[in-house]
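Topology and contacts: notes
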Amino acid sequence: MLGVHDTDVELLCAVDLVNSGKDEEQLADLDALGDFVTRHRVSDVTRLTQEDLLAVHRLRERIQPLFDTSDDEAAAKIVNTLLAQAPVIPRMTSHDDHPWHLHYSYPGASLADHLAVDLGMAFGRIIASGQRERLRRCAAPGCRRVLVDMSRNRSRRYCDARTCGNRLHVAAYRQRRRAEAG
Ligand SMILES: [Zn+2]
Ligand SMILES: [Zn+2]
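Residue positions are given per chain, counting from 1 as you read along its sequence in written order. Naming scheme: in the order in which they are written, chains are lettered from A and ligands are numbered from 1. Only residues with pLDDT of 70 or above have their local features reported here, since the model is predicted, and side-chain atom pairs are shown and tallied only from 80 upward, although totals for entire chains, interfaces and linings are computed over all residues. Calculation of side-chain values draws on the structure's entire complement of heavy atoms; hydrogens and water are dropped beforehand.

Moving on to the overall build of the chain. Scanning the chain from terminus to terminus reveals 6 helices and 4 strands. Helix and strand assignments follow DSSP, with helices taken as H or I runs no shorter than four residues and strands as E runs no shorter than two, numbered in order from the N terminus. Start at the N end of the chain and walk to the C end: the helices and strands fall as α-α-α-α-β-β-α-β-β-α. For the C-alpha atoms alone, the extent of the chain along its principal axes is close to 60 × 35 × 30 Å. Buried residues in the chain amount to 43% of all 182 residues. Across the chain, every contact between residues at least 6 apart in sequence was considered, and the portion connecting residues at least 24 apart equals 52%. Residue-level accessible areas treat just the shown protein chains as cover; the underlying method is Shrake-Rupley with a 1.4 Å probe. Roughly 9,900 Å² of accessible area belongs to the chain as shown, and the carbon and sulfur atoms make up 50% of that amount. Only protein chains enter the area calculation, which uses a 1.4 Å probe; residues under 20% of their type maximum are buried, those over 50% are exposed, and those in between are partly exposed. Here, two residues are considered to be in contact whenever any of their heavy atoms come within 4.5 Å of each other.

Turning our attention to the packing of helix H4 (residues 72–83) against helix H5 (residues 111–128). Direction vectors running N to C along H4 and H5 enclose 155 degrees, while the axes themselves pass 8 Å from each other. Taken together, the axis directions place H4 and H5 in an arrangement best described as roughly antiparallel. The handedness of the crossing between H4 and H5 is left-handed. Contacts between H4 and H5 involve Asp 72, Ala 75, Ala 76, Val 79, Leu 82 and Leu 83 from the first element and Ala 116, Val 117, Gly 120, Met 121, Phe 123, Gly 124 and Ile 127 from the second. Three classes are used, and their members are as follows: Ala, Val, Leu, Ile, Met, Phe, Trp, Tyr, Cys and Pro are nonpolar, Asp, Glu, Lys and Arg are charged, and the others, Gly among them, are polar. In terms of residue class, the contact of H4 with H5 is made up of 10 nonpolar, 2 polar and 1 charged. Axes here refer to lines fitted to C-alpha atoms; in helices the fit is confined to the stretch in contact. Angles between the N-to-C directions go from 0 to 180 degrees. Small angles under 35 degrees read as roughly parallel and large ones over 145 as roughly antiparallel, with 65 to 115 read as roughly perpendicular and the rest as oblique. Take the far helix as the reference: if the near one is turned anticlockwise from it by less than a right angle, the crossing is left-handed, and if turned clockwise, right-handed.

Only His 95 (NE2), His 101 (NE2) and His 103 (NE2) from the protein reach the zinc ion (ligand 1) as donors, at distances of 2.0 to 2.1 Å. Taking the relative accessible area as the measure of exposure, His 95 reaches 14% and is therefore buried. Coordination here is defined by N, O and S atoms within 2.8 Å of the metal (3.2 Å for Na, K and Ca), and since water is not considered, a site can look incomplete.

Here we take up the coordination of the zinc ion (ligand 2). Here the zinc ion (ligand 2) is held by the protein donor atoms Cys 138 (SG), Cys 143 (SG), Cys 159 (SG) and Cys 164 (SG), which lie 2.3 Å from it. Square planar and octahedral assignments, for four and six donors respectively, both demand that opposite donors be over 155 degrees apart and that all other angles lie between 65 and 115; tetrahedral needs four donors with all angles between 85 and 135 degrees, and anything else is irregular. Classification of the site at the zinc ion (ligand 2) rests on its 4 donor atoms, whose angles at the metal span 105 to 115 degrees, yielding the label tetrahedral.

Another aspect to go through is the pattern of salt bridges. For this document, the term salt bridge refers to a Lys or Arg side-chain nitrogen within 4 Å of an Asp or Glu carboxyl oxygen. Throughout the structure, instances matching the rule amount to 9 salt bridges. Residue Glu 25 is joined to Arg 60 by a salt bridge in which the shortest nitrogen-to-oxygen separation is 2.8 Å. Here Arg 60 lies in helix H3 (residues 50–63) and Glu 25 lies in the loop between helix H1 (5–19) and helix H2 (30–39), a separation of 35 residues in the sequence. Residue classification places Glu 25 among the partly exposed residues on the basis of a relative accessible area of 34%. Take Arg 60: its relative accessible area is 5%, and that puts it in the buried class. Of the charged contacts in the structure, one is a salt bridge between Arg 156 and Asp 160, with a shortest N-O distance of 3.0 Å. Given the relative accessible area of 66%, Asp 160 is considered exposed.

A positive phi angle is found at Asp 96, which is not glycine, with a value near 55 degrees. Within the chain, Asp 97 stands out as a residue other than glycine whose phi angle is a positive 65 degrees.

Here's what the structure looks like:
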């Protein structure tokens, strides 16, 4: 999307993080948190504790409004709180077969600090390049999940859930609502 590998990767990680708290809790325990770390190839993560889990849940709450606001200033304020959470130390890395890219969290950072800083930088870049509107809520009725629209013409409206964006599903839902209302 931005053509910058790590920004795209970090934004998809942020989407997955926010959506993990929708519907049922998908980061309920340390095993689930470990899976999240593996899936998103978050580097330098050592032993995870219950405190890490709670800190990631708190971070998730702070990131979510970035997908709701229609205001760059409000979004920038949130990003600044993320970047102020921990020391920001840019350095280049090529972990897990990723191409060379920049990390911003200090070595040995807790998972929540690592995510706050690195996701904060990715959000900062998308806002600074005038693309904040790519961060959205899914448009499917009843869906509370978020998405980052990486399409060239910024036309994506639905999240990755199999039911969302399925026109039959949406039509059936509307019909049901009409029936209930009528
Ligand atoms: Zn990385
Ligand atoms: Zn959806």
